[in-house]
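Architecture at a glance
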Amino acid sequence: MIKIENGRYETKGFTLDINVNVPAGKFCAVLGPSGAGKSTLLSIISGFEVLKQGEVIIDGKLASPSPSARPISMIFQDHNVFAHLDVWNNVALGISPNLKLNDEQKSEVVAALTRVGIAHLAKRHPGEISGGERQRIAIARVLVRNKPILLLDEPFAALDPGLRIDMLNLITELQREKNLTVLMVTHQPDDAKFAAQKVIFISDGEVQNCISTSEFFRSKNFAALKYLGKRT
Ligand code: ADP
């Protein structure tokens with residue numbers, strides 16, 4: 001569970017009021033107009049940005065001030081891989097930053113590469129594989145890190161529609177298998193319809209609490225209708 005009650009974030013020229021309670025084990029899409037604060041919300045949850053008021057509560061406890069101590073993995077649109085390391089080592093980094101792994105940990109890397117379908121590319125470098133395969137490296141790293149919360153910031157925006165669906169399918173499968181709590185920023189409402197059980201909508205300086213995806217798409221909320229391009 002991720003909870004922020006009466007949270008307020010302030011930076012130069014931008015404020016965000018936050019009241020959210022994301023149940024554990026749910027796939028939640030984060031929607032809202034460009035510049036509304038979607039990435040900022042993920043940064044607050046992961047600990048890279050700090051609230052002016054209120055606290056981030058994870059599983060009933062105050063979240064550690066240190067991002068690395070939070071039980072969270074992240075995937076971005078890019079910057080997920082290191083070009084000088086091969087695929088295998090890019091995944092191994094998720095277990096050990098110095099890449100010294102024992103036999104059990106090495107087996108975990110192989111299992112993760114196999115699970116996401118890139119075991120045959122283990123010795124290649126990121127420059128020698130496709131964009132979709134590079135994102136599979138990031139997903140394999142999430143598997144070896146084995147954290148209960150996964151934050152994704154427009155992870156598949158650069159991929160072709162077919163590949164995007166493949167990736168969303170893979171993430172939803174893993175979410176169910178591992179009972180992950182997933183927050184995924186997307187500018188594609190269809191991705192939310194396809195993959196998410198819940199939606200957090202952000203607009204006009206306010207993060208609204210998550211509601212079921214079907215409820216969101218039936219909503220008569222003016223800002224949501226405007227965002228979705230529906231007539232009001
Ligand atoms: P979204 O992800 O919804 O597009 P962001 O969270 O990236 O929105 O941005 C929220 C607000 O914070 C915007 O008004 C943006 O201009 C501002 N902002 C984002 N990054 C920075 C930054 N590095 N410095 C100052 N303002 C920023």
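Residues numbered from 1 in each chain as written. Predicted model: local features only at pLDDT ≥ 70, side-chain atom pairs only at ≥ 80, totals over all residues. Heavy atoms only, no water.

**Structural notes on the domain arrangement of the protein chain**
When the parts of a complex come together, some accessible area is lost, and that lost area is often used as the size of the interface. For the record, the criterion: For the domain bounds, the source is a domain assignment made automatically or taken from a database. Should any heavy atoms of two residues lie within 4.5 Å, those residues are counted as being in contact. Values labelled buried area give the accessible surface lost by two parts on being combined, using a 1.4 Å probe and summing over both. Should a side-chain nitrogen of Lys or Arg be within 4 Å of a carboxyl oxygen of Asp or Glu, the pair is scored as a salt bridge. Within 3.5 Å is the distance limit for a polar contact, defined as a pair of N or O atoms, with the added protein rule that one can donate a hydrogen and the other accept it, and that residues adjacent in sequence qualify only through two side-chain atoms. Helix and strand assignments follow DSSP, with helices taken as H or I runs no shorter than four residues and strands as E runs no shorter than two, numbered in order from the N terminus. Following the grouping adopted for this structure description, the nonpolar residues are Ala, Val, Leu, Ile, Met, Phe, Trp, Tyr, Cys and Pro, the charged ones are Asp, Glu, Lys and Arg, and the polar ones are all others, Gly among them.
Examined at the domain level, the protein chain breaks down into domain 1 (1-71 + 147-232) and domain 2 (83-146). When each unit is reduced to the centre of its C-alpha atoms, the spacing between domain 1 and domain 2 is 26 Å. Facing the 15 residues of domain 1 at the interface are 11 residues of domain 2. Between domain 1 and domain 2 the total buried area reaches about 1,100 Å² when both faces are included, carbon and sulfur atoms providing 65% of it. The largest share of the area that domain 1 buries against domain 2 comes from K147, M167 and L170, three residues that together contribute 42% of it. Taken together, the links from domain 1 to domain 2 amount to two salt bridges. Taken together, domain 1 and domain 2 are joined by four residue pairs in polar contact (both at pLDDT 80 or more). It is helix α5 (residues 161-178) that provides the largest number of residues to the side of domain 1 that touches domain 2, a total of nine residues. In the side of domain 1 that touches domain 2, the residues fall into 10 nonpolar, no polar and five charged.

**Remarks on the packing of helix α3 (residues 103-115) against helix α4 (residues 131-145)**
Cut-off, in case you're wondering: A fitted line through C-alpha atoms serves as each axis, taken over the contacting stretch for helices, and the angle formed by two N-to-C directions is quoted from 0 to 180°. For classification, angles of less than 35 degrees are called roughly parallel, those exceeding 145 degrees roughly antiparallel, those between 65 and 115 degrees roughly perpendicular, and all remaining angles oblique. Handedness of a helix crossing follows the sense of rotation of the near helix relative to the far helix, less than a right angle counterclockwise being left-handed and clockwise being right-handed.
As a packed pair, α3 and α4 sit with axes 9 Å apart at the nearest point and diverge in direction by 135°. Relative to α4, the element α3 is oriented oblique. Here α3 and α4 pass one another in a crossing that is right-handed. Of the residues in α4, those in contact with E108, V109, A112, L113 and R115 of α3 are A140, L143 and V144. Of the residues assigned to the contact of α3 with α4, the class counts are six nonpolar, no polar and two charged.

**Here we look at the packing of aromatic side chains**
The geometry of two aromatic rings is summed up by the distance between their centres and the angle between their planes. Quick reminder of the rule: In this analysis, rings of Phe, Tyr and Trp, with Trp reduced to its six-membered ring, are considered paired at centre separations within 6.5 Å, and the interplanar angle assigns stacked below 30 degrees, edge-to-face beyond 60, and tilted for intermediate values. Each residue's exposure class comes from its accessible area (1.4 Å probe, protein chains only) as a fraction of the maximum for that residue type: buried when under 20%, exposed when over 50%, partly exposed otherwise.
Under the counting rule described, the total for this entry stands at four aromatic pairs. A ring pair is formed by F201 and F216, whose centres lie 5.5 Å apart and whose planes are at 40°; its orientation type is tilted. Linking F201 in strand β9 (residues 198-203) with F216 in helix α7 (residues 213-218), this pair joins segments that are 15 residues apart in sequence. Taken as a pair, F201 and F216 share a single burial class, namely buried. Taken together through their ring pairs, the aromatic side chains of F201, F216, F217 and Y227 make up a single cluster.

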